[in-house]
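# Per-entry structural report
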Amino acid sequence: MRVNEDLRNERRGAGINSEEFAVFWHGGSEELREKRWRENYFLCDGFEKKFSIPDSYLSHKELYERTVERMVHRYQKCRDLKASGRYGDREFYDTVRYMVTSEVTSAKSPFATHLSMFVPTILGQGTPEQQAKWLERAANGNIVGTYAQTELGHGTFVRGIETRADYDPHTKEFVLNSPTLNSFKFWPGGMGLTCNYAVVIAQLFTQGKCHGVQAFIVQLRDEDTHMPLPGVSVGEIGPKLGMNGVNQGFLGFKDLRIPRENMLMKNAQVLEDGTFVKAPISVLTYGTMVYVRVHIVTDSANYLAQAATIATRYSAVRKQSPINPGDAEPQIIDHVTQQNKIFPQIAKSIIFTMSGKFLLEMYKQVMKDVDEGHFEGLADLHALSCCLKAIVTNESSLGIEVCRLSCGGHGYLQCSGFPTIYGFNTAAETYEGEHVILLLQTSRFLMKAVKNPDLSPTVAYLKNYSDRQTLGVWQNSIGGMIEAFEAVAAAKIRIAAESVEQRIREGKKPGTAANLSSIELVAAADAHCRAFILRAGAESMEKVSKSVSPALAGVLKDLLELYAVDAAKKALGDLQRFTTISDGDVRQLQRRLEDVLARLRPNAVAIVDGFDFPDEVLKSALGAYDGNVYERIYEDAMKSPLNYEPVNPSFHKYLKPFMKSSKAKL
């Protein structure tokens, strides 16, 4: 491989070993080795060579058909691994999920929801008998499912869902209906033309009462002909901003009958006579959503890391704008403003990932506790998953756009990779809960916590600030910054609580009071989440730094400092309002920012190399490992079907007659 000289020099001059960073980033040598083996197995088999035209030039229909072909090929390769004995059932499922949810495909897959939500829901909410009936067929791909919750008229407000499941004790069946157009399911991935089953979330009616939303396994299409079953109206919703290979769909029901056994009954149950046995705790029904939000956090951080990789490598290759008159054009990465755009995105992707891993471990522990009958951690887990999902997806979208802008006009090209990455990530800002709605859900937890800080360790800092007039003491250290962010969060939480209470005293109903105070409630949840991210990132970084070389430990410390300083500069208004930060401290923050950017500059390329994204995953002419940016941009331009002929037929049909004529057409 001929590597761009500037990029080669960046790697030679780095003070850290990118391979050591990769081992740290992927959780160990064995994990990194397995990850690379999988990428090689799926990406280097020559399959993609059959596609001479890039996906971006395909019609909507062609893209879907190519994506299905690609994913069936990959899924079959997973089956081959299992048949060869390399993987058992658990490893097989992990590999299939990795293959679908990682970026080894050029478009998000219509199988993604099947593995990220359909299968986990059966696993988490199905009885042992239901798992025995459905799980192996689903994991093996003998049936393909989706998760149908969102409706045309109802999204995050799950309790408002209109789809009905009425129990008929005479036939021991549920009768599913979509009473209005608004109640049609809308958006589930793969539901348009791919899936033949779905987990459907519907209002349960039995013995004349509504018992709230429950989950049902529903067959949508015939397993042989793939034709929709009688009583099922299903189709695809059309092109979107991104993720156009996902094949999202709509779904409506008209008197569709399913067996009683198709209600997932690990938690709540309906007996044969129609008696409803409720779950020990209602939020267990939402377990799948929490699980998905946990993974969205790390997936979104991963997209930001991809964008930062592209922008960093491009900035090492691109030369422009002499710093001093008469100087040679420098690499644009030498401009401090360029560093200030890109390096904080690298830091964010790392800190966000660490926060996501913390949340994942918390999820595993809480689910273990739930299985043992202990539900205390569910509220905190739900609140944290909501705000982390909201903040990380939003910050990552903003960061991806900053990276795109840092690459100038070339960043606008489809072949830069940015449009695809942005399309994937910005979708995550709305699916499984829109940004503001999720922060409001977190605020409900915080309004309880302000009255009882013993509710959870994540809100223990409230004990340090008995009232919102207590200012946080600013200290120019990471620990001091963490405490300052917690002081801001504590003050905003108390302000929001006082606002709600004041409106209730004025005679407003609690819901109205919360709605009128919702701006302050959102701000409180936002501040709580940012304080958590900084503390979780710092604690994780401290643990990791003890197990790596001094050089890498120093770089990780710099990345944490950059994240903290960048966050503090963006929150100066709040810090000046709620802490003792001074003008001198602000000046010191600016100098620290400039210093840490300078320290990270020699290692920037080595860090993003350590993310270990192969070119087949990045799919970026600007961010390829070899740095041959201009050759790759030109090569991609020549793949355009419009370049297949020197003169387009539209010239003779429209342009030439127009250009040769000067007559007015009356």
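The present account deals with the structure reproduced in this document. (Residues numbered from 1 in each chain as written. Predicted model: local features only at pLDDT ≥ 70, side-chain atom pairs only at ≥ 80, totals over all residues. Heavy atoms only, no water.)

Residues separated by three or four positions in an α-helix point in the same direction, a consequence of the helix having 3.6 residues per turn. For helix α6 (residues 112–125), which comprises 14 residues, the first-to-last C-alpha distance of 19 Å matches the rise-based estimate of 20 Å (1.5 Å per residue) to within 8%. Of all 14 residues making up α6, 12 are buried, and the element is well covered by its neighbours. Residues of α6 that are buried include every one of A112, T113, H114, L115, S116, M117, F118, V119, P120, T121, I122 and Q125, and no others. (Helix = DSSP H or I, 4+ residues; strand = E, 2+ residues; numbered from the N terminus. Expected span 1.5 Å × (residues − 1). Buried < 20%, exposed > 50% of the residue type's maximum accessible area, 1.4 Å probe, protein only.)

Turning our eyes to something else, we now look at the sheet that holds strand β4 (residues 185–186). One key point about sheets: their strands pair by backbone hydrogen bonds, in either a parallel or an antiparallel sense. Spatial strand order, β4-β8-β7: three strands in an open sheet with antiparallel pairing. Strand pairing shows two members of the sheet lacking a second neighbour, β4 and β7 (232–236), which therefore form its edges. Where β4 lies against strand β8 (residues 249–253), two bridges are found, and the strand directions are antiparallel. Residue pairing in the sheet places K185 in a bridge with L251 of β8. (Pairing = 2+ DSSP bridges.)

Here helix α21 (residues 629–637) has its buried residues at V629, I633 and D636. For α21, the buried positions fall inside an angular range of 65 degrees around the axis, keeping them on one side. (Arc of directions from axis to C-beta.)

Turning to unusual backbone geometry, a few remarks are in order. Positive phi is not limited to glycine here, since H226 has a value of about 65 degrees. For H226, the location among the structural elements is in the loop between β6 (209–219) and β7. One non-glycine residue, N247, lies in positive phi territory at about 60 degrees. Within the fold, N247 resides in the loop between β7 and β8.

As a further point, take the state of the cysteines. Across all of its chains, the model carries zero disulfides by this definition. Between C78, a cysteine without a disulfide, and C44, which holds the nearest cysteine sulfur, the sulfur-to-sulfur distance is 15 Å. The thiol of C386 is unpaired, and the distance to the nearest cysteine sulfur, on C387, comes to 7.6 Å. (Disulfide = S-S within 2.5 Å.)

For the rest of this paragraph, the subject is the pairing of strand β9 (residues 256–259). The side-chain alternation of β9 yields one buried face, formed by L256 and I258, and one unburied face, formed by R257 and P259. As defined by bridge partners, strand β3 (residues 173–177) adjoins β9 across four bridges and the pair is classed as antiparallel. Pairing of F174 across the sheet is with I258, part of β9.

Our focus in this paragraph is the nonpolar core. I346 and I533 are the most contacted members of the largest nonpolar core, which has 173 residues in total. Counting residues per element, this core draws most heavily on helix α8 (residues 287–317), which supplies 18 residues. In contact with I346, other than residues within four places in its own chain, are A308, T312, L559, I607, V608 and F611. (Core = buried A, V, L, I, M, F, W, Y, C linked by side-chain atoms within 4.5 Å. Contact = heavy atoms within 4.5 Å.)

Before going further, it helps to examine the packing of aromatic side chains. For the structure shown, the criterion picks out 17 aromatic pairs. Of the aromatic side chains, those joined through ring pairs into one cluster are F21, F24, W25, F611 and F613. Sitting over the face of the ring of F205, R164 holds its NZ or CZ atom 3.6 Å from the ring centroid. Taking NZ or CZ as reference, K357 lies 5.9 Å from the ring centre of W25, over its face. (Phe/Tyr/Trp six-rings, centres within 6.5 Å; stacked < 30°, edge-to-face > 60°. Lys NZ or Arg CZ within 6 Å of the ring centre and 35° of its normal.)

Before going further, it helps to spend a moment on the environment of D558. Considering the arrangement of structural elements, one finds D558 in helix α16 (residues 550–570). For the pair formed by D558 and D595, sequence separation is 37 residues and the distance between their alpha carbons is 9.7 Å. Other than its neighbours up to four places away in sequence, D558 contacts V596, R599 and L600. A distance of 3.0 Å separates the side chain of D558 from the side chain of R599, its partner in a polar contact. (Polar contact = N/O pair within 3.5 Å; in protein donor to acceptor, adjacent residues only side chain to side chain.)

Glancing now at the environment of D45. With respect to the helices and strands, the residue D45 is situated in the loop between α3 (29–43) and α4 (60–84). Note: C-alpha distance between D45 and M1 (44 residues apart in sequence) is 19 Å. Sequence-distant contacts of D45, that is, excluding residues within four places in its chain, are made with N40, H73, R74 and K77. One polar contact links the side chain of D45 to the main-chain amide nitrogen of F47, over a distance of 3.0 Å. Within the structure, the side chain of D45 is placed 2.9 Å from the side chain of K77, a separation counted as a polar contact.

The next thing to look at is the pattern of salt bridges. Summed over all chains, the structure comprises 41 salt bridges. The partner of R36 in a salt bridge is E19, with the nearest N and O atoms 2.8 Å apart. Note that R36 is positioned in helix α3 and E19 in helix α2 (residues 18–25), a separation of 17 residues in sequence. Its relative accessible area of 31% is what places R36 among the partly exposed residues. Residues joined in a network through salt bridges with shared partners are E19, K35, R36, E39 and D612. (Salt bridge = Lys/Arg side-chain N within 4 Å of Asp/Glu carboxyl O.)

Let us look at the pairing of strand β5 (residues 197–206). Taken across its 10 residues, β5 has nine buried, putting it largely inside the fold. In this structure, strand β1 (residues 145–148) lies alongside β5, joined through four bridges in parallel fashion. In the sheet register, Y147 faces β5, and the bridge partner there is V199. Where strand β2 (residues 164–168) lies against β5, three bridges are found, and the strand directions are parallel. Looking at β5, one finds that R164 is bridged to Q203. Taken together, the nine bridges between β5 and β6 define a ladder with antiparallel strand orientation. Residue pairing in the sheet places Y197 in a bridge with Q219 of β6.

Running from amino to carboxyl end, helix α12 (residues 435–449) crosses helix α15 (residues 518–545) at an angle of 85 degrees, the nearest separation of the two axes being 8 Å. Comparing their axes, α15 and α12 come out roughly perpendicular. Listed contacts from α15 to V436, L439, L440, T442, S443, L446 and M447 of α12 are S518, L521, V522, A524, A525, D526 and H528. In terms of residue class, the contact of α12 with α15 is built from nine nonpolar, four polar and one charged. (Axes fitted to C-alpha atoms, helices over the stretch in contact; angles between N-to-C directions. Parallel < 35°, antiparallel > 145°, perpendicular 65-115°, else oblique. Nonpolar A, V, L, I, M, F, W, Y, C, P; charged D, E, K, R; others polar.)

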